[in-house]
Amino acid sequence: MASIKLLKKEINYVLGDLIEQVYHWEASSQKINSEEGNKLIDRCIQVYDELIELVNDKEVELKKEHFSKIRTYLTEKTEAIQNEIESLQS
């Protein structure tokens, strides 16, 4: 049970950090409420919702594999979003 709580915190922290990076980029580039920034923030929220739904799935038989796949999915999605944020900053 504690690992589920920690996984939820990790998801929240990582995606929240990405959203904060988008806000920082918007503020530093004078593009407040930009279309690119809003798309990235919406994507972060979508990934968050997907992951929390997967974590809360009670009908999983192989829990260890399931949570391992969730961590992998989190890593893949956040790396893709991070690369997009970095491309905006260039």
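See the structure shown above.
Okay, so let's go over this structure. (Residues numbered from 1 in each chain as written. Predicted model: local features only at pLDDT ≥ 70, side-chain atom pairs only at ≥ 80, totals over all residues. Heavy atoms only, no water.)

Moving on to the overall build of the protein. A count of helical and extended segments in the protein gives 3 helices and 0 strands. Principal-axis analysis of the C-alpha atoms gives the protein an extent of 50 × 20 × 15 Å. Buried positions account for 28% of the 90 residues belonging to the protein. Considering only contacts in the protein between residues 6 or more positions apart, those separated by 24 or more positions represent 67%. (Helix = DSSP H or I, 4+ residues; strand = E, 2+ residues; numbered from the N terminus. Buried < 20%, exposed > 50% of the residue type's maximum accessible area, 1.4 Å probe, protein only. Contact = heavy atoms within 4.5 Å.)

Let us now look at helix H2 (residues 35-55). Between its first and last C-alpha, H2 extends 30 Å over 21 residues, near the 30 Å set by a 1.5 Å rise per residue. Buried within H2 are the following residues: Gly37, Leu40, Ile41, Cys44, Val47, Leu51, Ile52 and Val55. Take H2 and look down its axis: the buried residues cluster within an arc of 130°, on one side only. For H2, the exposed residues lying more than 90 degrees away from the buried face are Glu35, Lys39, Asp42 and Glu53. (Expected span 1.5 Å × (residues − 1). Arc of directions from axis to C-beta.)

Following both chains from N to C, one finds H2 and helix H3 (residues 63-89) inclined at 175°, their axes separated by 11 Å at the closest point. Here H2 is positioned roughly antiparallel relative to H3, judged by the angle of their axes. From H2, Glu36, Leu40, Arg43, Cys44, Val47, Glu50, Leu51, Leu54 and Val55 reach across to H3, where they touch His66, Phe67, Ile70, Tyr73, Leu74, Lys77, Ala80, Ile81, Glu84, Ile85 and Leu88. The class makeup of the residues in the contact of H2 with H3 is 14 nonpolar, 1 polar and 5 charged. (Axes fitted to C-alpha atoms, helices over the stretch in contact; angles between N-to-C directions. Parallel < 35°, antiparallel > 145°, perpendicular 65-115°, else oblique. Nonpolar A, V, L, I, M, F, W, Y, C, P; charged D, E, K, R; others polar.)

The topology assignment puts Leu40 in helix H2. Considered as a pair, Leu40 and Val22 are 18 residues apart in the sequence and their alpha carbons are 7.4 Å apart. Other than its neighbours up to four places away in sequence, Leu40 contacts Val22, Ile81, Glu84, Ile85 and Leu88.

Where like charges cluster on the molecular surface, the negative patch consists of Asp49, Glu53, Asp57 and Glu59. Looking at the element boundaries, Asp57 is found in the loop between H2 and H3. When its relative accessible area of 33% is taken as the criterion, Asp57 is described as partly exposed. (Patch = residues over 30% accessible without salt bridge, like charges linked within 9 Å, V, L, I, M, F, W, Y side chains within 5 Å. Areas by Shrake-Rupley, 256 points an atom, 1.4 Å probe, with all protein chains shown as cover. Salt bridge = Lys/Arg side-chain N within 4 Å of Asp/Glu carboxyl O. Lys, Arg positive; Asp, Glu negative; His and termini not counted. Charge placed at Lys NZ, Arg CZ, Asp CG, Glu CD.)

With 18 residues, the main nonpolar core has Ile11, Leu15, Leu51, Ile70 and Ile81 as its most contacted residues. Those elements that place two or more of their residues in this core are helix H1 (2-28), H2 and H3. The greatest single-element share of this core, amounting to 7 residues, is contributed by H2. Ignoring anything within four residues of it in the chain, the contact list for Leu51 reads Ile11, Leu15, Ile70, Tyr73 and Leu74. (Core = buried A, V, L, I, M, F, W, Y, C linked by side-chain atoms within 4.5 Å.)

Read these as spatial facts, not as claims about activity.
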